[in-house]
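Structural overview
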Amino acid sequence: MTRRRPAAGFGLLEVVIATALLALLLVVGTNRWQGHVARQRLRYGVAQVAANLRHAQERAKAERAAYTVAFTAASGAYTIARSGGGFMERADLPPGVTAAGTLTVRFSAFGQPSSAYAVTVQNAAGTATVTVSSFGGITYQEP
C-alpha cells in the first residue's frame, strides 16, 4: 500500500492572506513616510526663510542699502531685492511648501526692520512661522 504525501508549499488561501497583510503594511508605511517627508520639507522651508531674512539683513548692513524680502500667498517662491536696484534673487521653498500670506519684509540701510513681522509657511504637515522682531532679531520654531 502506498501512502500519499501531502503537497508541499502554501495553499491559495494562505497566499491571499499573506498578500493582503503585505499590502496593508505597505499602505500604512507609505502614508507614514509621506507625512515624514512633508514635516521635513516644512522644517527645511522655515529654516531657509529665516536664513534668507538674515542674509538680506546682513547685506543691508554691509552695503548700507535698504533690502526687501517679498512673499506671495500660496507661492513657493519669494524674492530678495535691494531697494535701489542692483541685486535681486529669487528663492524657492521646498516642493509643496508655500507662503501662507502676501508680505514684504523691509530692512533699512542699517539692517533694522521697518516693523515686527511674522512670516508663515505651510504645507500638508502644518504651518511654521519665522518672527522678525522690531529690534531685528530673527527666530523660528521648528514644527
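Positions within a chain are numbered from 1, following the residues in the order the chain's sequence is written. This being a predicted model, a pLDDT of at least 70 is required before a residue's local features are given, and a value of 80 or more before pairs of side-chain atoms are given or counted; all residues contribute to the totals for chains, interfaces and linings. Hydrogen atoms and water are omitted, and side-chain values are computed over all heavy atoms in the structure.

pLDDT measures how confident the predictor is about each residue, on a scale from 0 to 100. On average, residues of the protein score 93 in pLDDT, and 97% of them reach the 70 mark or higher. The least confident element of the protein is helix α1 (residues 12–63), whose mean pLDDT is 92; the most confident is strand β1 (residues 67–71), at 98. Helix numbering and strand numbering both begin at the N terminus, where a helix is a DSSP run of H or I of at least 4 residues and a strand a DSSP run of E of at least 2.

Moving on, we come to the pattern of salt bridges. Whenever a carboxyl oxygen of Asp or Glu lies within 4 Å of a side-chain nitrogen of Lys or Arg, that contact is scored as a salt bridge. Scanning the entire structure with this criterion turns up 5 salt bridges. Put simply, E58 and K61 hold a salt bridge, and the shortest N to O gap is 3.4 Å. With E58 and K61 both in helix α1 and 3 residues apart, this pair spans about one turn of that helix. Given a relative accessible area of 33%, K61 falls into the partly exposed group. Measuring nitrogen to oxygen at the nearest pair gives 3.0 Å for the salt bridge that ties R90 to D92. For every residue, the accessible area obtained with a 1.4 Å probe (protein chains only) is divided by the maximum for its type, and the residue is called buried under 20%, exposed over 50%, and partly exposed between those limits. Here R90 falls in the exposed class, since its relative accessible area comes to 58%.

Burial of β1 is extensive: 4 of the 5 residues sit out of reach of the surface. In this description, strands pair whenever DSSP reports at least two bridges between them. Pairing of β1 with strand β2 (residues 77–82) involves 5 bridges; the strand directions are antiparallel. The residue of β2 that forms the bridge with T68 is A81. Remark: 5 residues form the turn of the hairpin made by β1 and β2, two consecutive strands paired antiparallel; A74 in that turn has positive phi of roughly 60 degrees. Pairing analysis gives 5 bridges linking β1 to strand β5 (residues 103–107), with the strands arranged antiparallel. Bridge pairing in β5 links A70 to T104.

A word on the sheet that holds β2. With respect to topology, 4 strands assemble into an open sheet ordered β3-β2-β1-β5, the strand pairing being antiparallel. Two strands in the sheet have a free side with no partner beyond their single neighbour: β3 (88–92) and β5. Strand-to-strand, the axes of this sheet are offset by a mean angle of 15 degrees, without reference to chain direction. Each of β1, β2, β3 and β5 is contacted by α1, which is oriented at about 160 degrees to β1, the strand it contacts most. Lines fitted to C-alpha atoms define the axes, with helix axes restricted to the stretch in contact, and inter-axis angles between N-to-C directions lie between 0 and 180 degrees. In this description, contact between two residues means that some pair of their heavy atoms is separated by no more than 4.5 Å.

Now for the sheet that holds strand β7 (residues 126–132). With respect to topology, 4 strands assemble into an open sheet ordered β4-β6-β7-β8, the strand pairing being antiparallel. Edge positions in the sheet fall to β4 (98–99) and β8 (138–140), since each of these pairs with one other strand and no more. By the bridge criterion, 3 bridges tie β7 to β8 in an arrangement that is antiparallel. The partner of V130 across the bridge, within β8, is Y140. Lying on the sheet, α1 is in contact with β6 (117–123), β7 and β8; it crosses β7 at an angle near 15 degrees.

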